[in-house]
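# Observations on the three-dimensional arrangement
Residues per chain, in single letters:
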Amino acid sequence: MNEDLRNIVLGVLATGVSGSLGWLTRTHLWRRRLRRKQAFFGLPSHSECLLVVNREAGNEGAVHRFDVSALLELAALIKDCGAHAQIVQHDLAQLGFGDRTEFCLGGPGSNRRMAAHLASLLPGLSMSVALEPVEDRGAIRIGEDRYRMEPGVCEYVLLARVTAGEGGRPVFLFCGQRAITNQAATRYLARHHERLARRHRGGSFVLLLKVVNSQAYGPDVVELVADVTRRALTPGAASPPAPGGT
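My aim in this report is to walk through the structure given alongside it, one point at a time. If you're wondering where the values come from, they're calculated on a predicted model, not measured in any experiment.

Let us look at unusual backbone geometry. Leave glycine aside and you will find that most residues have negative phi; peptide bonds, for their part, are mostly trans. Within the chain, His46 stands out as a residue other than glycine whose phi angle is a positive 70°. Of note in this structure, Asn213 is not a glycine but carries a positive phi near 50°.

With that settled, consider the state of the cysteines. For the structure shown, the criterion picks out zero disulfides. Of all cysteine sulfurs in the structure, the one in Cys175 sits closest to Cys104, which takes part in no disulfide; the separation is 8.5 Å. For Cys104, a relative accessible area of 0% translates into the label buried.

Right, let's get into the pattern of salt bridges. Summed over the entire model, instances satisfying the criterion amount to twelve salt bridges. The residue Arg146 makes a salt bridge to Asp136 at a minimum N-O spacing of 3.5 Å. Of this pair, Arg146 sits in strand 6 (residues 145–147) while Asp136 sits in the loop between strand 4 (125–127) and strand 5 (140–142); the two residues are ten residues apart in sequence, bridging distant segments of the chain. Residue Arg146 is classed as buried on the basis of its relative accessible area of 14%. Several salt bridges converge on common partners, so that one network encompasses Glu73, Arg187, Arg191 and Asp220.

Taken as a whole, the second largest pocket spans an internal volume of roughly 370 Å³. Arg33, Arg36, Lys37, His193 and Glu194 are the residues nearest the centre of the second largest pocket, which is lined by 15 residues in total. The set of elements that each furnish at least two residues to the lining of the second largest pocket consists of helix 1 (2–41) and helix 4 (179–200). In the lining of the second largest pocket, the residues fall into five nonpolar, two polar and eight charged.

Turning our attention to the packing of aromatic side chains. Under the definition given, this model contains seven aromatic pairs. Here the aromatic cluster, defined as three or more aromatic residues joined through ring pairs, consists of Phe40, Phe41, Phe103, Phe172 and Phe205. For Arg65, the ring lying beneath its charged end belongs to Phe66, and the centroid distance is 4.3 Å. Positioned above the aromatic ring of Phe40, the side-chain terminus of Arg161 is 5.2 Å from the ring centre.

Reading across the sheet, the three strands line up as 4-5-6 and stay open at both edges, with antiparallel pairing between neighbours. Each having just a single partner strand, strand 4 and strand 6 make up the two edges of the open sheet. Put simply, the sheet's adjacent strands are angled 15° from each other on average, direction ignored. Taken together, the three bridges between strand 4 and strand 5 define a ladder with antiparallel strand orientation. When the sheet's bridge partners are listed, Leu125 is paired in strand 5 with Ile142.

Time to look at the pairing of strand 9 (residues 205–212). Counted residue by residue, strand 9 has six buried out of eight residues, so it is predominantly covered. Pairing geometry for strand 7 (residues 154–163) and strand 9, over eight bridges, is antiparallel. Bridging across to strand 9, Leu159 finds its partner in Leu207.

Within the secondary structure layout, Asn182 lies in helix 4. Given a relative accessible area of 2%, Asn182 falls into the buried group. Filtering out sequence-adjacent residues up to four positions away, Asn182 remains in contact with Asn54, Asp67, Ala70, Leu105, Gly106, Val157, Phe174, Cys175 and Gly176.

Analysis parameters
Residues numbered from 1 in each chain as written. Predicted model: local features only at pLDDT ≥ 70, side-chain atom pairs only at ≥ 80, totals over all residues. Heavy atoms only, no water. Disulfide = S-S within 2.5 Å. Buried < 20%, exposed > 50% of the residue type's maximum accessible area, 1.4 Å probe, protein only. Salt bridge = Lys/Arg side-chain N within 4 Å of Asp/Glu carboxyl O. Helix = DSSP H or I, 4+ residues; strand = E, 2+ residues; numbered from the N terminus. 1 Å grid on protein atoms, 1.4 Å probe; cavity = no way out; pocket = protein on both sides within 12 Å on 5 of 7 lines; lining within 4 Å. Points joined across faces, edges and corners; volume = space filled by probe spheres on them. Nonpolar A, V, L, I, M, F, W, Y, C, P; charged D, E, K, R; others polar. Phe/Tyr/Trp six-rings, centres within 6.5 Å; stacked < 30°, edge-to-face > 60°. Lys NZ or Arg CZ within 6 Å of the ring centre and 35° of its normal. Pairing = 2+ DSSP bridges. Axes fitted to C-alpha atoms, helices over the stretch in contact; angles between N-to-C directions. Contact = heavy atoms within 4.5 Å.

So, in structure tokens, the structure goes:
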């Protein structure tokens, strides 16, 4: 009887120790992943960040429903990091960068702050804001390469993480040809941020993404076209898109 009791006690102790070690290991791994996530997004616990929103074309002050969905996905990432977000209209965000992480959403035609960021942070690329010719509307130009959209079939969006300013906090840019492409870029970031952090080691990057058949698949089918970081950060690599180009 004493032998049986001893075996039971030892079994309970072994189970308790094993469970405790498993819990400690899972907690350690979770905390390490959280620290890496916070470092990538520049969002330590209880920090503040900016969500800069654009406006829907032709409707001053309104935000497109796809951009609202993109903001919700970003808000979930921010909450996971234990940080807090302040939503600011693009024409009211008269602030510098580097002190707080910023997420800026929308093309330069609907977001004045995005236009300023492209000019100062990504001088090697440009995006057409002219309404004519129609085929060049929203075209992205990187060096000699031009990327036109076919609405609902093939559209492009720039996803960038740029570190600038004295504080060193990153600016995330989601600059798409249509609102649905902005949401596609935020979803791509949410899905692949760990891989992007490993590949770019916490530095700046600029990715050109293609959204495939959004009229059927929405923002879910996204392909990486190219890493254009070097060209985007090099002044003089892009000039304004000219009519009739390829």
